[in-house]
Every structure is written in C-alpha cells, then in structure tokens.
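Remarks on the overall topology
Letter by letter, the chains look like this.
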Amino acid sequence: MRIVFMGTPDFAVPSLKALVEAGHEVCGVFTQPDKPKNRGMKLQQSPVKEYALSIGLSVFQPPKMRDGEALGILQGLKPDLIVVAAYGKILPTDILELPQMGCINVHSSLLPRYRGAAPINWAILNGEDETGITIMYMAAGLDTGDMLAQAVTPIDINENAAQLFDRLALLGAELLIKAVEQIAAGTAKAVPQDDNLSCYAPMLSKELSPMNWDKTARQLHDQVRGLYPWPAATTVLDGIRCKVLRTELTMETTDQAPGTVLQADKKGLRVACGGGGVLELLELQPDGKKAMTAAAFLMGHPISNSSSVVN
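Since the structure is predicted, the reported quantities are computational estimates derived from the model, not experimental observations. (Residues numbered from 1 in each chain as written. Predicted model: local features only at pLDDT ≥ 70, side-chain atom pairs only at ≥ 80, totals over all residues. Heavy atoms only, no water.)

A look at unusual backbone geometry
That bond from Leu111 to Pro112 is cis: its omega, 10°, falls within 30 degrees of zero. When you line up the elements, Pro112 lands in the loop between β7 (103-107) and β8 (115-116). Of the consecutive residues Tyr228 and Pro229, the connecting peptide bond is found in the cis state with omega at 5°. Among the secondary structure elements, Pro229 is positioned in the loop between α7 (217-226) and β12 (233-237). One non-glycine residue, Ala86, lies in the positive phi region at around 55°. For Ala86, the location among the structural elements is in the loop between β6 (81-85) and α4 (93-96). One non-glycine residue, Asp143, adopts positive backbone phi at about 55°. Residue position: Asp143 is located in the loop between β9 (130-137) and β10 (147-154). (Helix = DSSP H or I, 4+ residues; strand = E, 2+ residues; numbered from the N terminus.)

Here is the structure:
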C-alpha cells in the first residue's frame, strides 16, 4: 500500500519502522520542522526525520497545514492511506479527505478515554491500572474518529511515563500493522466512540509540578511517575527546590502532619502524606544540579527528623 507517514517524536519511530519492514511503500514522511535545542540553540532533527533519512525516505516539514503547501505535496504523492503517530499538528479537512483509504492515527490510550495531547501521562496521574493503544480513523474532532483496533496493557505501580511511553510505542507499531492489513484487505471494522465515556488529557505544564503533601501517598507517587521526565514533580527540602524523580510507596502509617520528614539518613528519606500514609523519596534533582539518590542529597544537605517539607 502507498502510505504517507506523519510523526515527530520517538514514540512514532517504531510505527514508521514497522510499516517499512512490512513492505509498504512509504512515499513520504511528514514531521515537525527542525527546532533549536540546548544552550547553543543548534537546530535539531526530530527522531522521525533522523530515521527516515537514514533509510532514504523523502521527508517534508511544512510549517503549516492549512496554507495549501502540505496539501499540494500530498496531492503529488498520491497516497492510498495517511498514517499519523504523534505528529503534533492538526490535519484540516481537505487533507483528511484526500487519501482514498482515509487517515488513521496511532493513539496512546483506550479511547474514548484520554483524548488529547498527553494520554500516557494522565493515565498515570489519575492512578489508572491499565491503558493501551487505539488505532482510529481521523475525523475533524479531537481524537473522536471511529476505532479500528485496540490493545490493552497493565500499568505497573512503579512504572513512570517514560517507561510506559516506550512500551506503548512498540505496542502501537504492532497494532498498526494489523490494522493496515485489514484496511488493505477490506476487512476493517470501524466502531464509533461513545462520547459519554470520554475524558480529556491536556498538555502538561509546570503548574502540575508542586507536590501537595496533603494528598495521599499513592496520589503523590502517581504524580512523580506521571510527570517524569518533564515537567517533573517538585518539592522543597530544607529550603532547596528539588525535582522528585523516583519514589516508593511504603506500608507504614503515621499520625504526623502531612509534609513531616519522618526519616532522613543513609537508610532512607521518608515523608508523611495525607491520610496517614508515608512516601519514600528515592531520587532527587536539586535546582542546578544533576539527579542523585536521596542518600547522596542528604550527605550534602542534612535534614533533621520532624522537619516540614515545603511544597
């Protein structure tokens, strides 16, 4: 099948690679324009562009999708199908209607739940026990199109968003190939979404970072996992603002006020949470410093027990 692929981050690379290895004719790859990164502000290619160029695929990076440039390129490519995976741009109606077999999207949630930009993170932030991949036809609404296939996977209690991101990227690639085969064979069955079951997964921001120790240990543990690696959960220890990169739930209970440091030594850094729970902080990153274990942090910044943690 003649396919145009649209994607940008690491999540999209396994899907593109799977299409190529399955023998489909990927006639063009659309990805976001190169962006300046790091202190030198050197332009950096997206992971999708790097992979596409490495195997000789044609890459297109239109800055806009509604000014006619992208449509003109696609009309010249004449794809049977457009496959989208985390492209980062909204496709206008004239592009959605162009390919004979439609446009499909690899979405990292069990639709209709978690429509939007950050479904992996919000599934963890909300304490979900499972998530998955949905292959869907694209429509004018935000992730509202009919569903072609779904795959479910559990979320481990200690799995962070980056780890789940990697697993879902591979699961998405596997499910995509099955869906494309069904489309090519004319056996694909599209199932409408139930809008009554939908919820939204908005973009992340640093406003989500501060940890409120009045929340339960599980809620705070989910916050740390769900916001890793960016924007990361944050707290203030002995006047030092730190990203909290890894935590562990404990079986311990306490009657100390939420935010009270219960232990701060080489054996652990444990903090009282709302509801009487206790959370252990395992890995921290003080502002301007590299990530380090809690024990390493405490060597340079001793904290006395019964100290309060400032949000």
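Remarks on the pairing of strand β15 (residues 268-272)
Where burial is concerned, most of β15 is hidden: five out of the five residues are buried. On β15, burial covers both faces: Gly268, Arg270 and Ala272 on one face and Leu269 and Val271 on the other are all buried. Here four bridges tie strand β14 (residues 261-265) to β15, and the two strands are oriented antiparallel to one another. Residue Val261 lies in a different strand from β15, and its bridge partner there is Val271. Inspection of the sheet shows β15 paired to strand β16 (residues 277-286) by three bridges, in the antiparallel sense. Paired with Ala272 across the strands is Val278, a residue of β16. Adjacent in sequence and paired antiparallel, β15 and β16 are bridged by four residues, among which Gly275 carries a positive phi angle near 80°. (Buried < 20%, exposed > 50% of the residue type's maximum accessible area, 1.4 Å probe, protein only. Pairing = 2+ DSSP bridges.)

Considerations on the side chain of Arg270
Checked against the element boundaries, Arg270 lands in strand β15. With a relative accessible area of 15%, Arg270 lands in the buried category. Here the side chain of Arg270 touches Gln263 through a polar contact of 2.4 Å, side chain to side chain. Beyond its immediate sequence surroundings of up to four residues, Arg270 is in contact with Glu252, Thr260, Val261, Leu262, Gln263, Val278, Leu279 and Glu280. (Polar contact = N/O pair within 3.5 Å; in protein donor to acceptor, adjacent residues only side chain to side chain. Contact = heavy atoms within 4.5 Å.)

Some points on the packing of helix α1 (residues 13-21) against helix α2 (residues 47-54)
Relative orientation of the contacting elements α1 and α2 amounts to 25°, with a least axis distance of 9 Å. Classified by the interaxial angle, the pair formed by α1 and α2 is roughly parallel. At the point where α1 passes α2, the crossing takes the right-handed sense. Residues Val13, Leu16, Lys17 and Val20 of α1 form the contact with α2, whose participating residues are Pro47, Val48, Tyr51 and Ala52. Here the residues of the contact of α1 with α2 sort into seven nonpolar, no polar and one charged. (Axes fitted to C-alpha atoms, helices over the stretch in contact; angles between N-to-C directions. Parallel < 35°, antiparallel > 145°, perpendicular 65-115°, else oblique. Left-handed = near helix turned anticlockwise from the far one by under 90°. Nonpolar A, V, L, I, M, F, W, Y, C, P; charged D, E, K, R; others polar.)

Notes on the sheet that holds β9
With mixed pairing, the seven strands of this open sheet are ordered in space as β5-β2-β1-β6-β7-β9-β10. A strand with exactly one partner marks an edge of an open sheet, and here the two such strands are β5 (59-60) and β10. Lying over the sheet, helix α3 (residues 69-77) contacts β1 (2-7), β2 (25-30), β5 and β6, oriented at roughly 170° with respect to β2.

What to know about the packing of α1 against helix α6 (residues 161-185)
α6 packs onto α1 with a crossing angle of 35° between their chain directions and a minimal axis gap of 8 Å. Read as a crossing pair, α1 and α6 show a hand that is right-handed. Residues Pro14, Ser15, Ala18 and Leu19 of α1 form the contact with α6, whose own contacting residues are Ala169, Leu170, Gly172, Ala173, Leu176, Ile177 and Val180. Along the lines of polarity and charge, the residues of the contact of α1 with α6 split into nine nonpolar, two polar and no charged.

Describing the nonpolar core
Membership of the largest hydrophobic core comes to 46 residues, with the highest contact counts inside it found for Phe5, Leu16, Leu19, Ile104 and Ile135. Examining the composition of this core, we find that eleven residues originate from one element, α6, more than from any other. Once residues within four sequence positions are removed from consideration, Phe5 is found in contact with Ala12, Ser15, Leu16, Leu19, Val26, Gly28, Val29, Phe30, Val48, Val83 and Ala85. Formed by 22 residues, the second largest nonpolar core is a distinct cluster that contains Trp213, Ala217, Ala294 and Ile303. (Core = buried A, V, L, I, M, F, W, Y, C linked by side-chain atoms within 4.5 Å.)

With respect to the environment of Ser308
Topologically, Ser308 is positioned in the segment after α8 (294-300). With 47 residues separating them along the chain, Ser308 and Val261 place their C-alpha atoms 6.0 Å apart. Not counting chain neighbours up to four residues away, the residues in contact with Ser308 comprise Gly259 and Thr260.

Nothing here speaks to function; it is geometry throughout.
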